[in-house]
Amino acid sequence: YQSERRHLLRFLQDRDIRNNVFSCGHTHFYLASELQPDIDDANSPTVAFDFTTGSQTADPDPRELAPESLLRAGEAFFKTANRPYMKGIDLVQQGFALVDVTPEECIVQFRGVDTFDPDAQAFTFARFRVTNGSRVMEVLPVDEDA
């Protein structure tokens, strides 16, 4: 996987292809990261952005497997170990992601919902922006009313 990843990201870098956003949902947790061709080189430029959505449902709830405080400590560890590339991680929430793409920007909202409550309302718990041509992902404030 590392070889293929490096090859794809170098292809984007060598051709200065910008505005590359990957979105997937193959995990049970949320991730937001900047992607560089050489993860071991601090000077390697960001050439793409990765947004991974969490699961829509999980049974059992992750908090039944480990205390939420331990899951949050795990998030802090992963962010520290992957600094400065990883901009967001959430091991607790379940839900979906909304991706809004315009010619000016790509805004991604990570949305959570209590999947065990039939009357639950979705809420935004993380927001990110990548502007057209940018090599940097911005972490946006979360609107409390969203």
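Located above this text is the structure these notes cover.
Just so it is clear, the structure is predicted and the values come from calculations on it, not from any experiment. Residues take numbers from 1 onward in each chain, read along the sequence in its written order. Selection of residues for local features in this predicted model requires a pLDDT of at least 70, selection of side-chain atom pairs for listing and counting requires 80 or more, and totals for whole chains, interfaces and linings are taken over all residues. Heavy atoms from the whole structure form the basis of all side-chain values; hydrogens and water molecules are not counted.

S.K.: Explain the overall build of the protein chain here, please?
M.R.: Strands are runs of DSSP state E lasting at least two residues, helices are runs of H or I lasting at least four, and both sets are numbered from the N terminus onward. Tallying secondary structure elements over the protein chain gives 3 helices and 8 strands in all. We compute the radius of gyration over the C-alpha atoms and compare it with the globule rule, which gives 2.2 Å times the number of residues raised to the power 0.38. Computed over its C-alpha atoms, the radius of gyration of the protein chain comes to 16 Å, within 12% of the 15 Å expected for a compact globule of 146 residues. Dimensions of the protein chain along its principal axes, counting C-alpha atoms only, are 50 × 30 × 25 Å. By residue count, 37% of the 146 residues in the protein chain fall in the buried class. Any pair of residues with heavy atoms lying within 4.5 Å of one another is described as a contacting pair. Residue pairs at least 24 apart in sequence account for 54% of intrachain contacts in the protein chain once pairs closer than 6 positions are excluded. Note on areas: Shrake-Rupley, 1.4 Å probe, and residue coverage restricted to the protein chains presented here. A total of about 8,700 Å² of accessible surface is found on the protein chain, and carbon and sulfur atoms cover 52% of it. Positive charges come from Lys and Arg, negative ones from Asp and Glu, while His and the chain ends are left out of the count. Lysine's charge is taken at NZ, arginine's at CZ, aspartate's at CG and glutamate's at CD. Here the protein chain contributes 14 positive and 24 negative side-chain charges, whose respective centroids are spaced 9 Å apart. The rule is simple: take the accessible area with a 1.4 Å probe, protein chains only, and divide by the maximum for that residue type; under 20% is buried, over 50% is exposed, in between is partly exposed.

S.K.: Help me understand the sheet that holds strand β8 (residues 138–140) in this model?
M.R.: Each strand in a sheet pairs with its neighbour through backbone hydrogen bonds, running either in the same direction (parallel) or in the opposite one (antiparallel). The pairing criterion is simple: DSSP has to find at least two bridges between the two strands. One open sheet holds the 4 strands; their spatial order is β5-β6-β7-β8, and the pairing between them is antiparallel. With one partner strand each, in any of the chains shown, β5 (95–101) and β8 form the two edges of the open sheet. This sheet shows a mean twist of 20° between the axes of neighbouring strands, independent of strand direction. Pairing between strand β6 (residues 105–112) and strand β7 (residues 123–131): 8 bridges, direction antiparallel. Bridged to Val 108 within β7 is Phe 128. Whenever a helix is involved, its axis is fitted only over the stretch in contact; in every case the axis is a line through C-alpha atoms, and angles between N-to-C directions fall within 0 to 180 degrees.

S.K.: Teacher, can you tell me more about helix α3 (residues 68–81) here?
M.R.: Since the α-helix packs 3.6 residues into each turn, any two residues three or four apart lie on the same face. Here the expected span of a helix is defined as 1.5 Å times the quantity of residues minus one. Its 14 residues give α3 an end-to-end C-alpha distance of 20 Å, which sits within 8% of 20 Å, the value for a rise of 1.5 Å per residue. Within the sequence span of α3, burial applies to Leu 71, Gly 74 and Glu 75. The arc enclosing the buried residues of α3, seen along the axis, measures out at 100°, which places them on a common side. Opposite the buried face of α3, at more than 90 degrees from it, the exposed residues are Ser 69, Leu 70 and Phe 77. At its buried positions, α3 is contacted by α2 (62–65) and β4 (86–90). Comment: arc refers to directions from the helix axis out to C-beta atoms.

S.K.: Where do I start with the packing of aromatic side chains in this structure?
M.R.: Each aromatic ring pair is described using two quantities: the centre-to-centre distance and the angle formed by the ring planes. Between the rings of Phe, Tyr and Trp (Trp by its six-membered ring), a pair exists once the centres lie within 6.5 Å; its type follows the angle of the planes, with under 30 degrees stacked, over 60 edge-to-face, and the other angles tilted. Within the structure shown, the criterion is met by 7 aromatic pairs. Ring geometry for Tyr 30 versus Phe 110: centroids 4.8 Å apart, planes at 45°, classification tilted. Highlighted residues: Tyr 30 in strand β2 (residues 30–35) and Phe 110 in strand β6, separated in sequence by 80 residues. For the pair Tyr 30 and Phe 110, a shared accessibility class is recorded, and that class is buried. Aromatic rings pair up to connect Tyr 30, Phe 51, Phe 110, Phe 123, Phe 125 and Phe 128 into one cluster.

S.K.: Is there a simple way to think about unusual backbone geometry in this case?
M.R.: Most peptide bonds take the trans configuration, and most residues that are not glycine carry a negative phi. Geometrically, the link from Arg 83 to Pro 84 is a cis peptide bond, its omega value of 5° lying close to zero. By the element assignment, Pro 84 lies in the loop between α3 and β4. Despite not being glycine, Asp 16 shows a phi value in the positive range, around 50°. Unlike most non-glycine residues, Asn 19 shows phi in positive territory, near 65°. Here Asn 19 lies in the loop between α1 (2–14) and β1 (21–24).

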